[in-house]
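A look at the structure
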Amino acid sequence: MDCVIKLPEFEGPLDLLLYLVHKNEMDIFEIPLSSITDQFLDYVEACLAEGRRLNPEFLFMASVLIHLKSRLLIDTPSEEETQETQSEITTPLIGYLSFKEAASRLNSLEVLFRDVFPRRPGNSIEEIVVGIERELEVDLARLTQAFRALVKRGPTEKITISPPKWTVREKFEELRSKERVRLRELASISSCIEEFLVYFMALLELVFQGIGRITESGDEVEVL
Amino acid sequence: MTSTRSQRLELIVEAILFFSDRPLSIKELEEILQEHTYGEIKEAVLSLKKGYEAMNRSFLLVEVAGGFQFRTREEFSVFIQRLYRSSPYRLSEAALETLAIIAYRQPISKGEIEELRGVDVSHILKVLLEKGLVRVAGRKEVPGRPLLYGTTKRFLEVFGLKDINHLPQIEELAPPSGEIHSPKGEDGGKGH
């Protein structure tokens, strides 16, 4: 339930009232604060009586309005200052409200698998068609996932710590000379996790520099 | 291009798009159909799209996420849902709001989102990342170099948007820095 405020000059949800104040379409001095507070308390009681959860946004908006008005009453500021105080308090809230609006607009779009449906996915087209591979949107979470999965599968021998045997630069050049490589291949040619890690870092460097391109087909990552 | 050749191309494009499990862009079609030019393919796709609209069937060829995909019309969703076992796409209100903030203000850091939302968004952000709707889009060059978030192609697919410039227009969310341009073209007025 939206709490609807009824005033001589206004009837509607509180967020609308706040919006109008922000837009200067209603004068904050004209708003009978005690009436809003009363209606607000009635709303709170009604919510509690029905065992409903209080809408925290409402609470927030009511307090913003009260804060706004009390500040203006105490300071008896100039027109300009009034304006300033008003927007100082309401601007962030209006920002927030507009994102709420944006969210509901997104939700009213034709959402996939709710309102509209594509053909049922069978085999991924990449598995069947040669020549079109979907470019992976480089995503740290997925790359880390892929790395972890391969480490699990990778070499299990004990690691002895010794001066670095491999450098990112060296692996970078090696990968660069290749036209295409599978992440899985890198794991299998690596003698230990360290080497694989260096490969992986070189790979990221390639992509970072825009030389490499990562594509996905199934669960595999490829470098072109 | 002779008319039989262009009709034939339209059928070829139809077959490929019918078979594809995701939106295909004209550029991708061009890679498969090397004997045809980009312009010819584009013409074929658009003619096919118009054709389906005119036929008034239960599905349409929709331009989404930079590509084209056959999708059922919205009015039949109820019936498909009876068949489609997994639960429809659902996001909590909080997640949707966070997603909206990211969509309209990308690239944006977690701190900036929290400033707007007034609450911690770590968990929601994780959910959105896992669902593939949001991605890490870089780092902000300020002390601490916080991660910046943006929306993905999947986001466009899920919300049926041609591209990020086709977000519904919201007066108060006019881009401050011009990162998101106002929609151009025929459905530019959709957001009003």
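Residues numbered from 1 in each chain as written. Chains lettered and ligands numbered in written order. Predicted model: local features only at pLDDT ≥ 70, side-chain atom pairs only at ≥ 80, totals over all residues. Heavy atoms only, no water.

1. Notes on the overall build of chain B
Test applied: Segments assigned H or I by DSSP are reported as helices when at least four residues long, segments assigned E as strands when at least two residues long, and all are numbered from the N terminus. For each residue, the accessible area found with a 1.4 Å probe, counting protein chains only, is set against the maximum for its type, and the residue is called buried under 20%, exposed over 50%, and partly exposed in between. The contact rule is simple, with two residues in contact once any of their heavy atoms fall within 4.5 Å. Shrake-Rupley sampling with a 1.4 Å probe provides the accessible areas, and residues are treated as covered by the protein chains on show and by no other component.
Along the backbone of chain B there are eight helices and five strands. Taken over 192 residues, chain B has a buried fraction of 41%. A sequence separation of at least 24 residues applies to 45% of the contacts in chain B between residues at least 6 apart. As presented, chain B carries roughly 10500 Å² of accessible surface, and 52% of it is formed by carbon and sulfur atoms.

2. Details of the environment of Phe-159 of chain B
Its place among the elements puts Phe-159 of chain B in the segment after α8 (153-158). Take Phe-159 of chain B: its relative accessible area is 3%, and that puts it in the buried class. In this structure the C-alpha to C-alpha distance between Phe-159 of chain B and Val-64 of chain B, which are 95 residues apart in sequence, comes to 8.7 Å. In contact with Phe-159 of chain B, other than residues within four places in its own chain, are Leu-106, Leu-109, Glu-110 and Val-111 of chain A together with Leu-91, Leu-96 and Leu-99 of chain B.

3. Description of the pairing of strand β1 (residues 59-64) of chain B
All names here are of chain B. This is how the line gets drawn: Two strands make a pair as long as DSSP finds a minimum of two bridges between them.
In the sheet, β1 pairs with strand β2 (residues 67-72) via six bridges, with the strands oriented antiparallel. What sits directly across from Phe-59, in β2, is Thr-72. The antiparallel pairing of β1 with β2 creates a hairpin that spans two residues between the two strands, and Ala-65 there sits at a positive phi of about 50°.

4. Some remarks on the pattern of salt bridges
Residue and element names in this part refer to chain B. Rules: By salt bridge we mean one thing: a side-chain nitrogen of Lys or Arg within 4 Å of a carboxyl oxygen of Asp or Glu.
Taken as a whole and assessed by the stated rule, the structure comprises 17 salt bridges over all chains. Of the charged contacts, one joins Glu-112 and Lys-140 as a salt bridge, the two residues approaching to 2.5 Å between their closest N and O atoms. With Glu-112 in helix α6 (residues 110-117) and Lys-140 in the loop between β4 (134-139) and β5 (147-151), this residue pair connects regions lying 28 residues apart in the sequence. On the basis of relative accessible area, Lys-140 is assigned to the partly exposed category, the value being 28%. For Glu-130, the salt bridge is made with Lys-126, and the minimal N-O distance between the two is 3.9 Å. Placement of the pair is Glu-130 and Lys-126 together in helix α7 (residues 122-130), with a separation of four residues, close to one helical turn.

5. Comments concerning the sheet that holds β4 of chain B
Residues and elements named next belong to chain B. Selection rule: What counts as an axis is a line fitted to C-alpha atoms, over the stretch in contact for a helix, and the angles between N-to-C directions run from 0 to 180 degrees.
Strands sit in the order β3-β5-β4 across an open sheet of three strands; the sheet is antiparallel. Strands at the two margins of the open sheet, each flanked by one partner only, are β3 (108-109) and β4. Pairing of β4 with β5, which is carried by five bridges, proceeds in the antiparallel orientation. Bridged to Val-134 within β5 is Thr-151. On top of the sheet, helix α5 (residues 93-105) reaches β3, β4 and β5; it is set at about 95° to β5, its chief contact. Here α7 sits on the sheet and contacts β4 and β5; the angle it forms with β4, its principal contact strand, is near 110°.

6. Quick look at the packing of aromatic side chains
Basically, it comes down to this: Any pair of Phe, Tyr and Trp rings, taking the six-membered ring for Trp, is counted once the centres come within 6.5 Å. Such a pair is stacked with planes under 30 degrees apart, edge-to-face with planes over 60 apart, and tilted for the rest.
Counted according to the given criterion, the structure contains six aromatic pairs over all chains. The interplanar angle of 50° and the centroid separation of 6.4 Å between the aromatic rings of Phe-196 of chain A and Phe-200 of chain A together place this pair among those described as tilted. Taken together, the residues span about one helical turn, with Phe-196 of chain A and Phe-200 of chain A both in helix α9 (residues 193-208) at a distance of four residues. Like Phe-196 of chain A, the residue Phe-200 of chain A is buried in the burial classification. Between the aromatic rings of Tyr-52 of chain B and Phe-59 of chain B, the centroid separation amounts to 5.5 Å while the plane-to-plane angle is 40°, which identifies the pairing as tilted. The class for Tyr-52 of chain B is buried, based on a relative accessible area of 9%. Using a relative accessible area of 28% as the deciding quantity, one classes Phe-59 of chain B as partly exposed. Clustering of aromatic rings is evident, with ring pairs tying together Tyr-52, Phe-59 and Phe-70 of chain B.

7. Some words on the confidence of the model for chain B
Residues and elements named next belong to chain B. Inclusion rule: By definition, pLDDT measures how confident the predictor is in each residue, and it falls between 0 and 100.
When the pLDDT values of chain B are averaged, the result is 85; 85% of them are 70 or greater. Per-element averaging of pLDDT across chain B places helix α4 (residues 77-83) at the bottom with 82 and helix α3 (residues 38-55) at the top with 96. In this model residues 176-192 is a low-confidence stretch, pLDDT under 50, and it forms 27 contacts with partners more than four residues away in sequence or in other chains.

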